[in-house]
Amino acid sequence: VQLQASGGGLVQAGGSLRLSCVASARTLRMGWFRRAPGKERELVAAINSGGSTYYAESVEGRFTISRDNAETTVYLQMNSLKFEDSAVYYCAADPTWYIQSRDYMYWGQGTQVTVSS
């Protein structure tokens with residue numbers, strides 16, 4: 001499965017961005033990770049085919065993950081962005097269901113999100 005992410009960019013604090021990731025095939029679970037300089041990779045949000053979602057505590061209430069009906073595109077709507085949200089964001093997909101898992105089989109290229117303070 002190939003993943004193509006897009007939508008990153010530069011935004012002022014308090015602003016919004018929407019990331020998109022198109023997969024070449026349907027999978028049961030898709031998620032968004034991010035990695036900031038000097039920090040470990042973090043699972044930001046995930047969604048599975050049952051509609052279950054997961055959000056990191058740091059983005060709860062500000063970010064929303066969703067999928068299209070074909071379940072080949074995942075979106076991450078990011079509102080009220082903070083400086084600390086700046087990172088390279090990666091989409092990922094996996095053929096298993098468990099929403100809490102950090103294990104993903106397929107990875108897309110990263111897209112840079114920069115939030116200016």
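It should be noted that the structure appears before, not after, this text.
What comes next is a walk through the structure. Per chain, the residues get numbers from 1 upward, laid out in the order the sequence is written. Totals for whole chains, interfaces and linings use all residues, but because this is a predicted model, local features are given only for residues with pLDDT of at least 70 and pairs of side-chain atoms are given and counted only at 80 or more. To obtain the side-chain values, all non-hydrogen atoms of the structure were used and water was disregarded.

1. Thoughts on the overall build of the protein
- Comment: elements are numbered from the N terminus, with helices defined as DSSP H or I runs of at least four residues and strands as E runs of at least two. Looking only at helices and strands, the protein has 0 helices and 11 strands in total.
- The helix and strand sequence of the protein, counted from the amino end, reads β-β-β-β-β-β-β-β-β-β-β.
- Atoms considered for the radius of gyration are the C-alpha atoms alone. The globule rule reads 2.2 Å times the number of residues to the power 0.38. Against the globule reference of 13 Å for 117 residues, the protein gives a C-alpha radius of gyration of 13 Å, in line with a compact fold.
- The principal-axis extents of the C-alpha atoms in the protein amount to approximately 40 × 30 × 25 Å.
- Expressed as a percentage of the 117 residues in the protein, the buried residues total 45%.
- Residue contacts are counted whenever heavy atoms from the two residues lie within 4.5 Å of one another. Here the analysis covers contacts within the protein between residues at least 6 apart in sequence; of these, 57% occur between residues at least 24 apart.
- Here the open area of atoms and residues is found with the Shrake-Rupley method and a 1.4 Å probe, where only the protein chains shown may cover a residue. About 5,900 Å² of surface is accessible on the protein, with carbon and sulfur atoms providing 48% of the total.
- Charge assignment: positive for Lys and Arg, negative for Asp and Glu; neither His nor the chain ends contribute. Charge placement uses NZ in Lys and CZ in Arg. For Asp and Glu, CG and CD serve respectively. Considering the protein, the positive charge centre built from 11 side chains and the negative charge centre built from 10 side chains are found 2 Å apart. Each residue's exposure class comes from its accessible area (1.4 Å probe, protein chains only) as a fraction of the maximum for that residue type: buried when under 20%, exposed when over 50%, partly exposed otherwise.

2. A look at the packing of aromatic side chains
- The aromatic pairing rule takes the rings of Phe, Tyr and Trp, using the six-membered ring of Trp, and pairs them if the centres are within 6.5 Å, calling planes under 30 degrees apart stacked, those over 60 edge-to-face and the rest tilted. Tallying each qualifying case throughout the model produces 3 aromatic pairs.
- On the numbers, 5.3 Å between centres and 90 degrees between planes, the contact of F33 with Y104 is edge-to-face. Within this pair, whereas F33 is found in strand β4 (residues 29–35), its partner Y104 is found in the loop between β9 (87–94) and β10 (106–107), the two being separated by 71 residues in sequence.
- You can call F33 buried: its relative accessible area is 2%.
- Accessibility expressed as a relative area gives 9% for Y104, which makes it buried.
- Geometrically, the ring pair formed by F33 and W107 is tilted, given 4.8 Å between the ring centres and 50 degrees between the ring planes.

3. Some remarks on the pattern of salt bridges
- Take a side-chain nitrogen of Lys or Arg and a carboxyl oxygen of Asp or Glu: if they are within 4 Å of each other, that pair is a salt bridge. Taken as a whole and assessed by the stated rule, the structure comprises 5 salt bridges.
- The salt bridge involving R29 is made with D94; its shortest N-O contact spans 3.0 Å. Remark: D94 occurs in strand β9 and R29 occurs in strand β4; sequence separation between them is 65 residues.
- Classification of D94 by relative accessible area gives buried; the value is 6%.
- Residue R34 is joined to D85 by a salt bridge in which the shortest nitrogen-to-oxygen separation is 2.9 Å. Linking R34 in strand β4 with D85 in the loop between β8 (73–78) and β9, this pair joins segments that are 51 residues apart in sequence.
- Its relative accessible area of 0% is what places D85 among the buried residues.
- Overlapping salt bridges, with partners in common, bring together R34, E42, R62 and D85 in one network.

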